[in-house]
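Observations on chain architecture
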Protein chains: 2
Amino acid sequence: MSAVASKAASLDLADPLSSKRDLFELPAGIIYLDGNSLGPPPKAAFAELEQAARREWGEGLIRSWNEAGWWSLTDTLGDRVGRLIGAQAGETVVTDTTSINVFKALHAALALRPERRVILAERDSFPTDLYIAEGVAASRPGTELRLAADGADLGTMVDERTAVMLINHVSYRTGALRDMADLTRRAHQAGALVVWDLCHSAGVVPIELDTIGVDFAIGCTYKYLNGGPGAPAFIYANRRHHDGLVQPLSGWWAHAAPFAMESGYRPAAGIRRLLCGTQPILSLRALKAALDALEGVDIADIRAKSLALTRFFMELVDPLCREFGARIITPRGDGRGSQVAIAHEQAYPVIQALIARGIIGDFRAPDIMRFGFAPLYLSFREVADAVDALRDVLASGAWRDSKFSAKALVT
Amino acid sequence: MSAVASKAASLDLADPLSSKRDLFELPAGIIYLDGNSLGPPPKAAFAELEQAARREWGEGLIRSWNEAGWWSLTDTLGDRVGRLIGAQAGETVVTDTTSINVFKALHAALALRPERRVILAERDSFPTDLYIAEGVAASRPGTELRLAADGADLGTMVDERTAVMLINHVSYRTGALRDMADLTRRAHQAGALVVWDLCHSAGVVPIELDTIGVDFAIGCTYKYLNGGPGAPAFIYANRRHHDGLVQPLSGWWAHAAPFAMESGYRPAAGIRRLLCGTQPILSLRALKAALDALEGVDIADIRAKSLALTRFFMELVDPLCREFGARIITPRGDGRGSQVAIAHEQAYPVIQALIARGIIGDFRAPDIMRFGFAPLYLSFREVADAVDALRDVLASGAWRDSKFSAKALVT
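Residues numbered from 1 in each chain as written. Chains lettered and ligands numbered in written order. Predicted model: local features only at pLDDT ≥ 70, side-chain atom pairs only at ≥ 80, totals over all residues. Heavy atoms only, no water.

**Quick notes on the interface of chain A and chain B**
Taken together, the contact between chain A and chain B spans 80 residues of the former and 80 residues of the latter. Of the roughly 7,000 Å² buried where chain A meets chain B, counting both sides, 71% is carbon and sulfur surface. Applying the counting rule to chain A against chain B returns zero salt bridges. Counting every contact that joins chain A to chain B gives 19 residue pairs in polar contact (both at pLDDT 80 or more). (Contact = heavy atoms within 4.5 Å. Buried area = accessible area lost by both parts, 1.4 Å probe. Salt bridge = Lys/Arg side-chain N within 4 Å of Asp/Glu carboxyl O. Polar contact = N/O pair within 3.5 Å; in protein donor to acceptor, adjacent residues only side chain to side chain.)

Here's what the structure looks like:
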């Protein structure tokens, strides 16, 4: 056994989460390093879907809205996501999409700071956050979207005109982790509110929204939460803002009495004011099974293993970088989420060649290979094997095969 | 055999759609008259969900976004819904919720009529349409929501200040069917645009959006389209408006190059401009199976059977109305969708007593019993049996049992 293999073996032996892998369905022959984009199914999701479709939809029919708890899934699942991000019950709902929840959060924040006009965000934000912020700004005369240059410290740009700062907790591109407590404090000192995008941190980084006093947060549930393709997103609003919550997507699920069928909108109390319309129950039920798989897991164990997996990966990749002109752009130390990003001129065909060998990472334009490390189902052995494959692809030039350069629609 | 039973039997014998019932999973002992609220599962939905979850999510993982066509489901399913509502390919997408699609359609319409400020809608509209219209008006300074009194002719209220008229094709309450061609023509004559809400007509009433020249339409897919609880909704925009489509929910799915990860929003061409964020794939796949069940069915056959079922029901209910103080508020003639609404002082406990006997209709505040008649899976025999049960509940006073008056959350 090589020194690397033996180190991996001893790390796996000491892993307190190693038994969790059995909860997930992962195909044989695949090393899955893309759980930062789409988590794999928890095995229990299949039975949960069957229950929801055959028993509840098929036998219960319309009655299941009450009897199977469909109507309150936004809240019951929201509270469970809330526990993973440091929110009290009643501060989080699962609903709609990340993009739509960014829209609601920005509108709600702007309404709470009516005398201010600036939305501050990062240029290298996950793009949809910016596209939505543009949409908000364009539809609110006088509102201005100001973007910080890549790598700039948003905290230095907050001023008395800033209504709200929209920040990615972990950069989708580099994997850099922002200091939530510090940035929130500096925003609040300037009188601004914060909206944190937790897409790349929920479920894999300890988060304390209430303790820090965050105003709003949004995020998706299909990455480290493993809720399934396009599973509904979540939105959090700190309890202190609930009485003043206003957002223009005031649909019937956000009404105080949805079945009174009143012609005028009367806002629901609390976090339900951030709901809008009828939610996709089948997709929500896969998410329920995924949250079950996280039940009882200590997020500190997840974080410790996440840092260990990414550290191990970076140590093994460092020599390859020197040899093949690649560059790890993910921070060392602890300032990262659970992914490692490597810039390389041929990132696209290299990723394709890896995928052909069963090592699934992904590509982000223009030149980044991303590898996500989900502590619930990955072993150190797999990390070592993935780096072996990467070395082989780079050393052999296997990526030069033209079949690896044809761009797929989604990469 | 009674005269009624023998009439039902002969109608069933002549029914060209009778074989379609086998495509649906319906529990034994139930007569399901609530398909206008939640359609039952097509049997194929279970296998479709299994395929999507186990094979595509579980084995394909992230690759299924390309390889299983997930990324384009909004469009492929949209085009299939489009064929049911008289739209060309490329004019309809399945996405988000009805409420959110009302929001997009109203914004898009207002943007096309910048010099006009009035949204005109019906007070007895399905409430979420009004709540959303309120949200749109409140977030656009100067925009005014004007509501027509119950039963008023919206066409007489359109004037040179009206930007857009929002109309329910079939009233969720009374089942009245509006004249789409006439109202659209009168709106256009006044220079206004129209948004048609097809929630209670798509899949059961012939609709010719393109021929009539409708501007926008939205609707849900879980009623007569049987897409499953909370299945994503649809939105249609007439091709002539595509170049000018603007709406503030400009998420990454509406970007011209979503994977170029640009920091600025560049709108996609065509109908994709009405998309926003990542869609719930599992729920979309149940809808796919549901649209399969409609494939090859002539909408004219559906309409003919729908009118026959509701006519038969009303004929049988008329004597009960006289005897028990009930009143059919659904139009006779052909001016109705596929439901019959009966006003009765004790509508709530009567519906509950019927449900206890396996006859599932629903209640709408304050005093309406609604019965939906979905031609794909209902027989005339079931209609006759349902009326027998209603007669028995009313005549015996069975509804007086206190267990039938306790209100459930969703009714």
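**Here we look at the pairing of strand β8 (residues 234-237) of chain B**
All names here are of chain B. Of the two faces of β8, the one lined by Phe 234 and Tyr 236 and the one lined by Ile 235 and Ala 237 are each fully buried. Here strand β2 (residues 92-94) pairs with β8 via three bridges, running antiparallel. Paired with Val 94 across the strands is Phe 234, a residue of β8. Where strand β7 (residues 216-219) lies against β8, four bridges are found, and the strand directions are antiparallel. Bridging from a neighbouring strand, Phe 216 pairs with Ala 237 of β8. (Buried < 20%, exposed > 50% of the residue type's maximum accessible area, 1.4 Å probe, protein only. Helix = DSSP H or I, 4+ residues; strand = E, 2+ residues; numbered from the N terminus. Pairing = 2+ DSSP bridges.)

**Some details on the domain arrangement of chain A**
Residue and element names in this part refer to chain A. The domain boundaries assigned to chain A delineate domain 1 (3-17 + 298-404) and domain 2 (47-294). One C-alpha centre belongs to domain 1, the other to domain 2; they are set 30 Å apart. The partner domain 2 presents 16 residues to the 23 residues of domain 1 that form the contact. Counting each side, the surface lost to burial between domain 1 and domain 2 is near 1,500 Å², with a carbon and sulfur contribution of 63%. Inspection of the region where domain 1 meets domain 2 yields seven residue pairs in polar contact (both at pLDDT 80 or more). Elements supplying a minimum of two residues to the side of domain 1 that touches domain 2: α10 (299-324), β10 (339-343) and β13 (368-372). Each residue belonging to the side of domain 1 that touches domain 2 can be placed in one class, and the counts come to eleven nonpolar, seven polar and five charged. (Domains from an automatic or database assignment. Nonpolar A, V, L, I, M, F, W, Y, C, P; charged D, E, K, R; others polar.)

**Side note on helix α10 (residues 299-324) of chain B**
All names here are of chain B. Here α10 contains 26 residues, and its C-alpha end-to-end distance of 36 Å stays within 8% of the 38 Å for a straight helix at 1.5 Å per residue. Regarding α10, its N-cap is Asp 298, as a side-chain oxygen of that residue lies 2.8 Å from the backbone nitrogen of Ala 300 further along. A positive backbone phi angle near 70° is found at Gly 325, which sits one or two residues after α10. (Expected span 1.5 Å × (residues − 1).)

**Section: the pattern of salt bridges**
Residue and element names in this part refer to chain A. Evaluation of the coordinates by the stated rule reveals 62 salt bridges over all chains. Residue Glu 382 pairs with Arg 21 through a salt bridge whose shortest N-O separation is 2.9 Å. Taken as a pair, Glu 382 in helix α12 (residues 380-396) and Arg 21 in the loop between α1 (3-13) and β1 (31-32) lie far apart in primary sequence, 361 residues in all. Assessed through its relative accessible area of 29%, Arg 21 is described here as partly exposed.

**Quick word on the UniProt feature "modified residue: N6-(pyridoxal phosphate)lysine" (unreviewed entry) in chain A**
All names here are of chain A. Mapped onto this numbering, the UniProt entry annotates "modified residue: N6-(pyridoxal phosphate)lysine" (unreviewed entry) at Lys 223. Its location among the elements puts Lys 223 in the loop between β7 (216-219) and β8 (234-237). Take Lys 223: its relative accessible area is 9%, and that puts it in the buried class. Discounting chain neighbours no more than four positions away, the residues touching Lys 223 are Gly 35, Asn 36, Ser 37, Gly 39, Cys 199 and His 200. (UniProt positions renumbered as here; feature names shortened; annotations may be inferred.)

**Here's the deal with the sheet that holds strand β2 (residues 92-94) of chain A**
All names here are of chain A. Strand order in the open sheet made by the seven strands is β2-β8-β7-β6-β5-β3-β4, with mixed pairing throughout. The open sheet has two edge strands with one neighbour each: β2 and β4 (144-148). Each strand of the sheet is rotated relative to its neighbour by a mean of 15°, with strand direction disregarded. Running over the sheet, helix α5 (residues 98-112) touches β3 (118-122), β5 (162-168), β6 (193-197), β7 and β8 and is turned about 170° from β7. The strands touched by helix α6 (residues 127-139) are β3, β4, β5 and β6; relative to β4, the strand with the most contacts, the crossing angle is about 155°. (Axes fitted to C-alpha atoms, helices over the stretch in contact; angles between N-to-C directions.)

**A word on the packing of aromatic side chains**
Residues and elements named next belong to chain A. Scanning all chains against the criterion turns up 31 aromatic pairs over all chains. Ring centres of Trp 71 and Trp 253 lie 4.5 Å apart, and the angle between their planes is 50°; on these two criteria the pair is classed as tilted. Highlighted residues: Trp 71 in the loop between α3 (64-67) and α4 (73-84) and Trp 253 in the loop between β8 and α9 (281-294), separated in sequence by 182 residues. Trp 71 sits in the buried class, given a relative accessible area of 6%. You can call Trp 253 buried: its relative accessible area is 1%. (Phe/Tyr/Trp six-rings, centres within 6.5 Å; stacked < 30°, edge-to-face > 60°.)

**Quick word on the nonpolar core**
Among the nonpolar cores identified, the biggest contains 291 residues, and Ile 85, Leu 198 and Ile 342 of chain A together with Leu 198 and Ile 342 of chain B are the most heavily contacted of them. Each residue touching Ile 342 of chain B, except ones within four places of it in the same chain, is listed here: Phe 313, Val 317, Ala 326, Arg 327, Ile 328, Asp 367, Ile 368, Met 369, Phe 371 and Leu 390 of chain B. (Core = buried A, V, L, I, M, F, W, Y, C linked by side-chain atoms within 4.5 Å.)

**Describing the UniProt feature "binding site: pyridoxal 5'-phosphate" (unreviewed entry) in chain A**
The sites that carry the UniProt feature "binding site: pyridoxal 5'-phosphate" (unreviewed entry) are, in the present numbering, Thr 98, Ser 99, Phe 126, Pro 127, Thr 128, Asp 129, Asp 197, His 200, Tyr 222, Trp 252 and Thr 278 of chain A. Taken along the chain, the residues just named run across 181 residues; in space they spread out, the farthest C-alpha pair reaching 30.3 Å. Along the chain, Phe 126 of chain A falls in the loop between β3 and α6. Among all residues touching Phe 126 of chain A, those that are not within four sequence positions of it are Asn 168 and Tyr 172 of chain A together with Trp 252 and Met 261 of chain B.

**Quick notes on the packing of α10 of chain B against helix α12 (residues 380-396) of chain B**
Residue and element names in this part refer to chain B. In contact at an axis separation of 10 Å, α10 and α12 are set at 15° when each is read in the N-to-C sense. Considering their axes alone, α10 and α12 lie roughly parallel with respect to each other. Relative to α12, α10 is oriented so that their crossing is right-handed. Residue-level inspection shows Lys 305, Ala 308, Leu 309, Phe 312, Phe 313, Leu 316, Val 317, Leu 320 and Phe 324 of α10 in contact with α12, the latter providing Phe 380, Val 383, Ala 384, Val 387, Leu 390, Arg 391, Leu 394 and Ala 395. Of the residues belonging to the contact of α10 with α12, the class tally is 15 nonpolar, no polar and two charged. (Parallel < 35°, antiparallel > 145°, perpendicular 65-115°, else oblique. Left-handed = near helix turned anticlockwise from the far one by under 90°.)

**Topic: the relation of the copies chain A and chain B**
Turning chain A through 180° and shifting it by 0.0 Å along the axis lays it on chain B, with an RMSD of 0.0 Å. The two molecules are tied by a two-fold rotation axis, judged by turn and shift. Nearest to the rotation axis, the C-alpha of Ser 283 of chain A is located 2.8 Å from it, this being the minimum over chain A. Most of the interface of chain A is mirrored in chain B, where 100% of its interface residues are also at the interface. (Least-squares fit on C-alpha atoms with pLDDT ≥ 70 in both.)

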